[in-house]
Amino acid sequence: MPSRTGSGFQGAIQVRADSFTGERPPCPRDCPTQLRKHGSYFRYAAPSGQQRVRILRYFCSPCGLTVSVLPVDQLPYRPVTVPRLEAFLDGQAGIGSGLDPPPGPLEAGCLRRAWTRFQTRVTVLQEAFGLLLPSVISGAADLWKQMRRAKESLRGILHFLAQSGKRSLLWDYRCLRLPA
Ligand SMILES: [Zn+2]
C-alpha cells in the first residue's frame, strides 16, 4: 500500500499507463506544473518467473508526490498480471475455464488475497459503477460478472475505475488526499 510520511505533502502513488494521455502523467493532485522524470525501477511481472518490467517514476515538485507509471497489464502493489487475475476472477464467479496453466503456490497466494480483498469491496465498486450495473448485486461473484458485462475485460474495468474517480479494483488511492 502507498504510505504517507505523515509530515508535509510527500507521498507515492501508482497510476496506470492508460489513465492519461501524453508523455507524462499529470499530478493526481491537480498541481498545474509538469512532473519531472524521477528515475525508474524494476519489478517482477509475475510472482513466479523471471520476467521483469521497468516502471518509470515522476516527481511533482509543488506537492512532493512521486508517481510511478504502471504498464497496463500490471496491477498496483500486486505481482499478478491483469490477464491472470481476470481468468482467476472468472473462475471464482463460475464463468470461464479457470487458470491455464494453474498457478504455483506463490501466485495462488496472491490471487487468494486478491479475492478476499475483492469480497470486501462490493459496495464501493457498485457505487463506482453506478447505473452501469443492475441495482441489486448478490455478492462478489455476481458483481464480477456484472462488471465484466459492463466493461468486457479487467483491463476495461481498471481503466474505467482509474478514469472515474481515483479508485481501483482492490483499494482506493487514499494517499491522494491532501492534509487538512
Ligand atoms: Zn502535485
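Rules and cut-offs
Residues numbered from 1 in each chain as written. Predicted model: local features only at pLDDT ≥ 70, side-chain atom pairs only at ≥ 80, totals over all residues. Heavy atoms only, no water. Phe/Tyr/Trp six-rings, centres within 6.5 Å; stacked < 30°, edge-to-face > 60°. Helix = DSSP H or I, 4+ residues; strand = E, 2+ residues; numbered from the N terminus. Buried < 20%, exposed > 50% of the residue type's maximum accessible area, 1.4 Å probe, protein only. Lys NZ or Arg CZ within 6 Å of the ring centre and 35° of its normal. Donors = N, O, S within 2.8 Å, 3.2 Å for Na, K, Ca; no water. Tetrahedral: all angles 85-135°; square planar, octahedral: opposite > 155°, others 65-115°. Axes fitted to C-alpha atoms, helices over the stretch in contact; angles between N-to-C directions. Parallel < 35°, antiparallel > 145°, perpendicular 65-115°, else oblique. Left-handed = near helix turned anticlockwise from the far one by under 90°. Contact = heavy atoms within 4.5 Å. Nonpolar A, V, L, I, M, F, W, Y, C, P; charged D, E, K, R; others polar.

A. Quick look at the packing of aromatic side chains. Applying the stated criterion to the full structure yields three aromatic pairs. Their ring planes at 85 degrees and their centres at 6.3 Å tell us that F118 and W144 sit as a pair that is edge-to-face. Highlighted residues: F118 in helix α2 (residues 105-119) and W144 in helix α4 (residues 140-151), separated in sequence by 26 residues. A relative accessible area of 0% means that F118 is categorised as buried. By relative accessible area, W144 is classed as buried at 0%. Joined through ring pairs, the aromatic side chains of W115, F118 and W144 make up one cluster. One cation-aromatic arrangement involves R52 over F42; the distance from NZ or CZ to the ring centre is 4.8 Å.

B. Local environment of the coordination of the zinc ion. Around the zinc ion, the donor atoms from the protein are C27 (SG), C31 (SG), C60 (SG) and C63 (SG), and they sit 2.3 Å away. Coordination at the zinc ion is tetrahedral: its four donor atoms span angles of 107 to 113 degrees at the metal. Sequence spacing of the donors to the zinc ion: C-x3-C-x28-C-x2-C.

C. How the structure looks around the packing of helix α3 (residues 122-129) against α4. Axis separation between α3 and α4 bottoms out at 11 Å; the angle between their running directions is 25 degrees. Between α3 and α4, the angle is such that the two are roughly parallel. At the point where α3 passes α4, the crossing takes the left-handed sense. Contacts from V122, L125, Q126 and F129 of α3 reach α4 at A140, L143, M147, A150 and K151. Residues belonging to the contact of α3 with α4 are distributed by class as follows: seven nonpolar, one polar and one charged.

The quantities given are spatial measurements derived from coordinates; they are silent on function.
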